[in-house]
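Given next are the chains, with one letter for each unit.
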Amino acid sequence: STAFDSILRPVILRAAAADHIKNTATRLPVTARVVDRFVAGETQDDVLSAVAASLAGGLSVSVDHLGEATVDEADAAATVRAYLSVLESMSGLEASGSGRLEVSLKLTALGQSLPRHGRKMATENARTICAAAHSRGVLVTIDAEDHSTVSERLDIVRELRRDFDDLGTVLQAYLRRTEDDCREFAASGARIRLCKGAYAEPPSVAFDTHAQVDDSYLRCLRILMHGNGHPMVASHDPTMIEAAQALAHESGRSPESWEHQMLFGIRSDEQRRLADAGAQVRVYIPYGSQWYGYFVRRLAERPANLLFFLRALAER
Ligand code: FDA
């Protein structure tokens with residue numbers, strides 16, 4: 001796993017950005033089969049079935065329309081339309097208004113990387129989605145992308161929280177700055193999804209060993225649990241899951257005041273076990289045709305995920 005982390009992981013994440021690799025990989029029939037394990041499907045109907053199944057199983061959901069890093073205004077507008085449409089269909093679900101429904105979105109899918117007006121466009125597009133979600137009783141959380149986008153994203157979140165104070169965002173424990181960000185957002189009562197972080201980052205901004213990232217996660221978790229906000233503990237790691245429960249107990253939190261979160265298709269048994277034991281558990285459910293970046297980050301995260309893909313290739 002050490003060689004995987006230090007050599008293979010950055011190679012996979014960087015190579016994945018090359019167009020010729022993306023084009024070849026996405027054309028392989030086996031890729032589609034393996035992608036199904038991590039993605040609910042390409043259409044809105046696909047994601048609604050997955051949402052209904054999760055709700056029926058006692059889980060909350062966060063729906064993610066896949067896509068990122070657009071530098072095309074029309075693409076960003078299409079992403080907004082996709083969110084408005086999925087929000088409309090989610091508002092027909094019984095769980096609507098109970099806090100069990102959420103959408104997650106990426107600012108670079110809403111135009112953040114566009115030259116000149118990127119920030120303004122992403123802010124206004126996110127505002128449109130927040131307003132539609134708010135009126136339908138659906139929560140919104142803004143995902144974390146690579147480190148170059150963090151400061152601007154947090155500025156946008158601060159700005160939007162003046163109108164939508166339940167807007168959440170993600171903080172990544174592998175970034176050296178995150179402990180300070182946790183302090184700020186915990187004090188302001190925000191919904192914060194804490195994850196380890198899934199991008200290839202330079203050591204100048206990120207911790208590079210598992211032990212350092214785990215220590216940072218635990219420090220951040222303590223700050224969030226003792227703060228005024230709603231911690232969202234996004235991890236499949238048994239150590240983080242147990243620590244979250246101990247810290248919630250220590251800080252006198254009720255089960256409704258924080259939650260576990262895991263990704264669709266990963267440790268589904270554990271998701272159910274925690275929910276059955278009375279914890280709040282939300283599953284993050286991605287859908288859409290632009291699954292490539294998400295899929296590669298899942299492969300790079302864990303040798304077993306990459307092996308699963310390679311085995312499927314070999315069996316073809
Ligand atoms: P990690 O990958 O470190 O695994 C630790 C241990 O967990 C393993 O050793 C094993 O014991 C157990 N485990 C993990 N996967 C397992 C499996 N499939 N089966 C059995 N056991 C398993 N990242 C980001 O950069 N920006 C973001 O916005 C988000 N958003 C996000 C939302 C949600 C809801 C989640 C759960 C995650 C994210 N992430 C993310 C991804 C995150 O940064 C991280 O890459 C993954 O969650 C993997 O880290 P873990 O903490 O889960 O454990």
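Definitions and limits used
- Residues numbered from 1 in each chain as written.
- Predicted model: local features only at pLDDT ≥ 70, side-chain atom pairs only at ≥ 80, totals over all residues.
- Domains from an automatic or database assignment.
- Contact = placed C-beta atoms within 7 Å.
- Helix = DSSP H or I, 4+ residues; strand = E, 2+ residues; numbered from the N terminus.
- UniProt positions renumbered as here; feature names shortened; annotations may be inferred.
- Buried ≥ 20, exposed ≤ 12 C-beta atoms within 10 Å, placed from the backbone.
- Pairing = 2+ DSSP bridges.
- Axes fitted to C-alpha atoms, helices over the stretch in contact; angles between N-to-C directions.

Caption draft 1: Quick look at the domain arrangement of the chain. Assigned domains of the chain: these are domain 1 (1-38 + 292-316) and domain 2 (40-290). Domain 1 and domain 2 are separated by 23 Å when their C-alpha centres are compared. Listed as interface residues are 11 residues of domain 1 and, on the opposing side, 10 residues of domain 2. Broken down by element, the residue count for the side of domain 1 that touches domain 2 peaks at 5 residues, all from helix α12 (residues 292-301).

Caption draft 2: A look at the UniProt feature "binding site: FAD" (unreviewed entry) in the chain. Taking the numbering used here, the UniProt-annotated feature "binding site: FAD" (unreviewed entry) corresponds to Q172, K196, G197, A198, S235 and H236. These annotated residues cover 65 residues of sequence, and their C-alpha atoms all fall within 14.5 Å of one another, placing them together at a single site. You can see A198 is positioned in the loop between β5 (191-195) and α9 (210-226). Taking the number of C-beta atoms within 10 Å as the measure of exposure, A198 has 21 and is therefore buried. Those residues within four positions of A198 in sequence are excluded, and the remaining contacts are R297 and E301. Here S235 shows up in the loop between β6 (230-234) and α10 (238-250). Residue S235 is classed as buried on the basis of its C-beta count, with 22 C-beta atoms lying within 10 Å.

Caption draft 3: Inspection of the sheet that holds strand β7 (residues 259-263) at higher detail. What the 8 strands build is a closed barrel, ordered β1-β2-β3-β4-β5-β6-β7-β8; its pairing is parallel. Taken pair by pair, the neighbouring strands of this sheet meet at an average axis angle of 30 degrees, ignoring direction. The pairing of strand β2 (residues 101-105) with strand β3 (residues 139-142) spans 4 bridges and is classified as parallel. Each residue of the ladder has a partner; that of E102, found in β3, is L139. Helix α8 (residues 178-187) contacts β4 (168-172) and β5 of the sheet and is inclined by roughly 155 degrees relative to β4.

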